[in-house]
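Observations on chain architecture
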Amino acid sequence: MKQIYSLLFFLVFQLNYSQIQEEKTNGLFYKISLATTLTINGDYSIGNDEGETLINPSALFINNTVGYQFDNRTQIGLNFEYNWHSQQGLHFFPTYLNLQHNIIADDDNVFVRAGYGTLLGLSKDFEKGNTYKFGFGFQTFDKNFRNSFLIGLDFTRKRFGYRTLEGLSSVSIFLEFMLF
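Quick caveat, the model's predicted, so the values are computed rather than measured. (Residues numbered from 1 in each chain as written. Predicted model: local features only at pLDDT ≥ 70, side-chain atom pairs only at ≥ 80, totals over all residues. Heavy atoms only, no water.)

Examining the environment of Phe177
Keep this limit in mind: Helical segments are the DSSP runs of H or I of at least four residues, strand segments are the runs of E of at least two, and each set is numbered from the N terminus. Type-normalised accessible area, obtained with a 1.4 Å probe on protein chains alone, sets the label of each residue: buried when under 20%, exposed when over 50%, and partly exposed for intermediate values. Note on definitions: a residue-residue contact is assigned when non-hydrogen atoms from the two residues lie within 4.5 Å.
Relative to the assigned elements, Phe177 resides in strand β9 (residues 166-179). Classification of Phe177 as partly exposed rests on a relative accessible area of 28%. When the C-alpha positions of Phe177 and Ile32 are compared, they lie 5.5 Å apart, and in sequence the two are 145 residues distant. When neighbours within four sequence positions are excluded, Phe177 is seen to be in contact with Tyr30, Lys31, Ile32, Asn147, Ser148 and Phe149.

Some details on unusual backbone geometry
One non-glycine residue with positive phi stands out, namely Phe145, at about 55°. Mapped onto the fold, Phe145 is located in the loop between β7 (129-141) and β8 (148-160).

Observations regarding the environment of Thr39
Examined against the element boundaries, Thr39 turns out to sit in strand β1 (residues 27-40). C-alpha separation for the pair Thr39 and Ser58, spaced 19 residues apart in sequence, amounts to 6.2 Å. With sequence-adjacent residues up to four places away left out, Thr39 is seen in contact with Leu54, Ile55, Asn56, Ser58 and Gln87.

So yeah, pure geometry; function would need other evidence.
What follows is the structure, given as structure tokens:
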């Protein structure tokens, strides 16, 4: 009878222990991101009844990232992004590598990141060239410390056109969801 109690105790202990998930600090991840660039409306006036707003979105960025997190501070990602700059009427498809490093790695992270890549000319509507990014932000986790939300600012520079002589710089606000 003692053997049965011992076996039951061991099984209950093992089942309870297996329910506790360790904090994951490395491995593959996926991120989806939505970002916009905001501009000040030059036609806006105070007391305006025409429905004009002071700040208008001027670009939209949709990003998918597949990457690898090395530890709780550093990760690398391969990004596929669609950019639409409405004021200029330009479409871009940047594909780039980025490196993100957590300056503060705690329950919530503060990070910096940088990336460099190419602007793919998928059709005649998309500009060819190269791009680079620099950004910083804040990351907050769910209760299991697996999935997270990231919010921050990115500075982006695109070089395109004939002999990449044209350029476009922007600062965007991003919101990302990361599955780990």
